[in-house]
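# Overview (structure and organization)
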Amino acid sequence: MKKNGFYTLLSMIVLTFSFCSSDYKIDRFSLEYTNWYGSEGVMYKYVINQDSLRIHYDCDFENCKDTIIYQKVLNKKKVYNFYSKLKKIKTDTLKKFYVGEYPHDREVIEIKGDSLNNIRIILRDYYHPEVEKITLEIDKIVNLKKFSIHN
């Protein structure tokens, strides 16, 4: 009898873990958010996928090159929340290019994924509420004030 109880308990544990891990189903995706600060001559690029976050830095100065200044492996639950919110953002309503009054800074967002609308959006000193939703979600994933898009 003891063996049957052990196998029953073991089966329940295996089933519990298999259900928990399937809760965070995430298709392959990538999001790149690049912000060029033209007046300062610097660029920050945030690259997020189903596994990790990388932040790149580059500039217009001599001897400056693309450098990864921060990276981390992402928690599956955080990625799942990010991905779920990304899927709800109405990227299909966005144009490919927006220009504001003084276009010296530039933002580029590129989203790719099996279950996402693949899109590349360029904003030149332009505020768009749907893009703002994306950048707020990026800040939640980054979770570091010094690398926050909304300082």
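So, how was this worked out
- Residues numbered from 1 in each chain as written.
- Predicted model: local features only at pLDDT ≥ 70, side-chain atom pairs only at ≥ 80, totals over all residues.
- Heavy atoms only, no water.
- Disulfide = S-S within 2.5 Å.
- Pairing = 2+ DSSP bridges.
- Helix = DSSP H or I, 4+ residues; strand = E, 2+ residues; numbered from the N terminus.
- Axes fitted to C-alpha atoms, helices over the stretch in contact; angles between N-to-C directions.
- Contact = heavy atoms within 4.5 Å.
- Buried < 20%, exposed > 50% of the residue type's maximum accessible area, 1.4 Å probe, protein only.
- Polar contact = N/O pair within 3.5 Å; in protein donor to acceptor, adjacent residues only side chain to side chain.

This structure, assessed with the given rule, holds one disulfide. The disulfide partner of Cys 59 is Cys 64, and the gap between their sulfur atoms is 1.9 Å. Taking the torsion about the sulfur-sulfur bond, which here is approximately 130°, the covalent link between Cys 59 and Cys 64 counts as right-handed.

What follows concerns the sheet that holds strand S4 (residues 67-73). Within the open sheet, the seven strands sit side by side as S4-S3-S2-S1-S6-S7-S5. Their pairing is mixed. Of all strands in the sheet, those bounded by a partner on one side alone are S4 and strand S5 (97-99). Averaged over all adjacent pairs, the angle separating strand axes in this sheet is 10°, with direction ignored. As defined by bridge partners, strand S2 (residues 42-49) adjoins strand S3 (residues 52-59) across seven bridges and the pair is classed as antiparallel. Opposite Met 43, over in S3, you have Asp 58 as the bridge partner. The sheet strands contacting helix H2 (residues 76-88) are strand S1 (29-37), S2 and strand S6 (106-113), and the helix crosses S1 at an angle near 80°.

Bringing the environment of Gln 50 into the picture now. With respect to the helices, strands and loops of the structure, Gln 50 is situated in the loop between S2 and S3. According to the relative accessible area criterion, Gln 50 is buried, its value standing at 9%. Taking C-alpha positions, Gln 50 is 6.1 Å from Arg 28, a pair spaced 22 residues apart along the chain. In this structure, Gln 50 is in contact with Ile 26, Asp 27, Arg 28, Phe 29, Lys 76 and Val 79, ignoring residues within four places of it in sequence. Polar contacts involving the side chain of Gln 50 include one to the main-chain amide nitrogen of Phe 29, which spans 3.0 Å.

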